[in-house]
Amino acid sequence: MKNIFLYLSIVTLSLSCFSCDDDEELEVVTIGDASNIYISSEAGRREVPLTATCAWTVERDSLTRQWVNIERKSGEGDGSFNLVWRANEKFPRKGKVIVKLANKVKADTIYIYQYGVSPSIAFPDKEARVSAVGKELEVNLNTNIPASDSTRIAMTVDYDKGEEWVSQLLFNKEMNKMQVKVAANEPEVGERNATLHITYVDDWGKAHTTDFNIGQMEMGGTKQTETISFAEVRKLVNDATGSQKIEEDVAIEGIVVCDATGANNAANTQLSKTDIDLSTTYRTTYVQSLDGKYGFALVFDTKELNELVPFDKVKIWLKGLTLRKEDNPQRYTLTDMTFKSFISKEEGDATKLVKKERTMSELTDNDVYTFVTLKNCEFPIRKGPFTPFNEGYCPTYNQKRVDRYPLLMHDNQGQSMFLMTNIDCPYRRDGNILPQGSGTISGVIVHEEYTRFENGGDIGHYQMRHLSREDIKIDQSKNNSFSTIIAEWNAFKLSGTKVLPSEGNGELWHTAVTPTASTDYGYLGVIDGVTDGKGVLRQIWWYFFYCE
C-alpha cells in the first residue's frame, strides 16, 4: 500500500511503508476515531501532522470550502498542514478533507465534525382531532430549522387501524406551520389514531425526532340515514319560534358559503359593554341547499370544530343536532355540531353555487343564510375604509367595546341596507379607498341587531356579510355612478350663521354654538394595533345625493 501516515491530534496512524510508485490499492487505516476530528463551534485552527515518503496534497470538497481553509496544501515527505475553520452559529456540520499522494487518485479522508446549535422541532399542541371527512390539516410549529432545509425533514407514521391515511408533509415558508393531508375515514373503520414521527437528520447523521398525534372521528350517519330536503328540516319546528332536538336519522346535502378566513362570517357575541366573544364568527358558517333556495346557519361549540371552507359540498348528519327557528325574519340555525356530524365532503368552487341575483326590494326570508348578489348598488358615503370608526374601542387596541361596522349601501331603486364588516377582516383598512361608482355586491344575507350602533339594536330587516374583497364589484370611478352629489361638506366654511359646502350648492345653519370640525375616522390604514391614530383623520364629510 502507499506510504502515507496521518497524525490527527495525539493519535498516530501506523502504516506499512511502500514506494509512492507502488500501484497497490491504498487502504485507509484508522485507530478508533483517528480519521475524525471534532471541533468546537467557535472559530479556530489546528495543525494536522502527517508522515509520508513522497509528495502529497490536501483538498476539500465544495461544501467544506465554505467554512474550512487549508494552510500548506502540499508538501513532500513528513510534514503537516493547518485546518482553519469559521465559527458555526447554525446546526452541527460535517466537512471532508482529502490527502492525496502525488499523481494518484488514491487518498486518505479526514472527516471534520463541528459542533453547533441543536436542531429542534416542537408542536405547541401535541395532538389534533379531525372529522371523518378528511382535510388538509395545518398545525402550529416551533422550529429553528430554516425553510431551505425543510426537504431534510421526513415523516413516518404508525397507525392503530386502517391503511395509510396521513400523507403529503408540507411546511410554510415561515416554518411556523406544518400541513399534512388526512384522508376521509370509512364507515366500517370507526375512530382511529395515527402517530406522526417528524424527523430531521443533521449533517452528522444524527436524527432529531418529535411526535404528533392525530385522532380521526368515525364517519357520521348509518346505513339507514335518510337524506331529506331543507324544506323538510324547516318543518321540524312547527311554532313560529322555538328549538327542537333532532332525533330522526336524517341528513341534508348542501353547499358551504362562508368567509375563507372565518373573520367575517358572523357578528361576534357582545357579552357585556366591555367584553365580546370574539370566537363567534369563527364558530359560525352557512350551508345552503343545492338549489340555493334555503340556507341554515351552522354554529359549532369551538372554532377548532369548524373545518368547513367555502363552496364545499357537504352531507351533514342531523341526528343529535338542535334546530332553532327565529322570526322576523324567519331564519334557522343548527347547533351542537361535532366532528361526527359530517358524512361526506367534496371540494368545490363558486361555480357550483346557484346564481341568485336580487334587488334589495326583492329579498325574502328564504334568502337568509344564502349567498346572494345585489344588483345596481353603490356606497353613498365613499370616503374612508370599510370600518370608519375609532378602533381604539376595538380588540385591535385590546378593548372589547365594538368589533364591527355597518356600512350603508343603496341601490338605484332608492332602497338601502347595511354591509357588515368585522374588525378582524384583513382588508377592512388595507390602504384603499372605497369604490366610488356602482356595481354589484355579493355575500350572505343575515339578520343582526346592533345596540352599539342603534338604540334598541334595530339596523334593518336584512344585512349582508361579504366573504371576500372580490365580492364587492363596484366600479372605482365616480363617473360610473347612478347618483350625483348635490353638495359635499368636507371642511367648515363659515359665512355668518351659514356653513358653506366645499362642493356643490347648499347651506347648513347653526343657531347656538359656532360649529367646529369634529373627528373623522376615515384613515385608510393599515392599522395593526401599533399605529397611532386609531383610524383618526381631522376631517369630516357630509353628503346629499339624488339618484338619476
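Residues numbered from 1 in each chain as written. Predicted model: local features only at pLDDT ≥ 70, side-chain atom pairs only at ≥ 80, totals over all residues. Heavy atoms only, no water.

Description of unusual backbone geometry
Turning to step 1, where the next piece is worked out: The omega torsion of the bond from Asn328 to Pro329 falls at 0°, within 30 degrees of zero and hence cis.
Turning to step 2, where the next piece is worked out: Within the secondary structure, Pro329 sits in the loop between strand 28 (322–326) and strand 29 (331–337).
Turning to step 3, where the next piece is worked out: Positive phi values are uncommon outside glycine, yet Phe311 reaches one of about 75°.
Turning to step 4, where the next piece is worked out: Secondary-structure assignment places Phe311 in the loop between strand 26 (295–300) and strand 27 (313–317).
Turning to step 5, where the next piece is worked out: Judged by relative accessible area, which is 19%, Phe311 ranks as buried.
Turning to step 6, where the next piece is worked out: Located in the positive-phi region is Tyr369, a residue other than glycine, with phi close to 70°.
Turning to step 7, where the next piece is worked out: Inspection of the secondary structure puts Tyr369 in the loop between strand 31 (357–358) and strand 32 (371–378). (Helix = DSSP H or I, 4+ residues; strand = E, 2+ residues; numbered from the N terminus. Buried < 20%, exposed > 50% of the residue type's maximum accessible area, 1.4 Å probe, protein only.)

A word on the nonpolar core
Turning to step 1, where the next piece is worked out: With 42 residues, the main nonpolar core has Leu374, Phe379, Met409 and Ile441 as its most contacted residues.
Turning to step 2, where the next piece is worked out: Broken down by secondary-structure element, the contributors of at least two residues to this core are strand 22 (250–257), strand 32, strand 33 (404–411), strand 34 (416–422), strand 35 (439–446) and strand 37 (472–474).
Turning to step 3, where the next piece is worked out: Excluding residues within four positions of it along the chain, Met409 makes contact with Met360, Leu374, Glu378, Phe379, Pro380, Gln415, Ser416, Met417, Phe418, Leu419, Ile441 and Met464.
Turning to step 4, where the next piece is worked out: Among the nonpolar cores identified, the runner-up in size contains 28 residues, and Phe230, Val250, Ile252 and Val256 belong to it. (Core = buried A, V, L, I, M, F, W, Y, C linked by side-chain atoms within 4.5 Å. Contact = heavy atoms within 4.5 Å.)

Re the sheet that holds strand 40 (residues 498–500)
Turning to step 1, where the next piece is worked out: Spatial strand order, 39-40-42: three strands in an open sheet with antiparallel pairing. The open sheet terminates on both sides in strands that have one partner only, identified here as strand 39 (493–495) and strand 42 (508–509).
Turning to step 2, where the next piece is worked out: Relative to strand 42, strand 40 runs antiparallel, the two being bridged by two bridges. The partner of Lys498 across the bridge, within strand 42, is Trp509. (Pairing = 2+ DSSP bridges.)

Some points on the packing of aromatic side chains
The way to describe two aromatic rings as a pair is by their centre distance and the angle between their planes.
Turning to step 1, where the next piece is worked out: Applying the stated criterion to the full structure yields 18 aromatic pairs.
Turning to step 2, where the next piece is worked out: Taking the centre distance of 5.0 Å and the plane angle of 50° together, the rings of Phe123 and Phe212 count as tilted. Pair noted here: Phe123 is in the loop between strand 11 (121–122) and strand 12 (127–130) and Phe212 is in strand 19 (residues 207–216), with a separation of 89 residues, a long-range link.
Turning to step 3, where the next piece is worked out: Residue classification places Phe123 among the buried residues on the basis of a relative accessible area of 2%. (Phe/Tyr/Trp six-rings, centres within 6.5 Å; stacked < 30°, edge-to-face > 60°.)

Quick look at the side chain of Asn264
Turning to step 1, where the next piece is worked out: You can see Asn264 is positioned in the loop between strand 22 and strand 23 (269–272).
Turning to step 2, where the next piece is worked out: Under the relative-accessibility criterion, Asn264 is labelled buried at 0%.
Turning to step 3, where the next piece is worked out: Polar contacts involving the side chain of Asn264 include one to the main-chain amide nitrogen of Asn422, which spans 2.7 Å.
Turning to step 4, where the next piece is worked out: A polar side-chain atom of Asn264 sits 3.0 Å from a polar atom in the side chain of Arg465. (Polar contact = N/O pair within 3.5 Å; in protein donor to acceptor, adjacent residues only side chain to side chain.)

A few points about the confidence of the model for the chain
Caution applies to low-pLDDT parts of the model: their predicted coordinates are not meant to be read in detail.
Turning to step 1, where the next piece is worked out: Per-residue pLDDT for the chain averages 86, and the proportion of residues at 70 or more is 86%.
Turning to step 2, where the next piece is worked out: The lowest-confidence element of the chain is strand 2 (residues 11–12), averaging 34 in pLDDT; the highest-confidence one is strand 36 (residues 463–465), averaging 98.
Turning to step 3, where the next piece is worked out: Across residues 1–34, confidence stays below pLDDT 50; counting only partners more than four residues off in sequence or on other chains, it has 84 contacts.
Turning to step 4, where the next piece is worked out: Note on residues 537–548: pLDDT under 50 across the span, and 52 contacts to partners over four residues away in sequence or across chains. (pLDDT = per-residue confidence, 0-100.)

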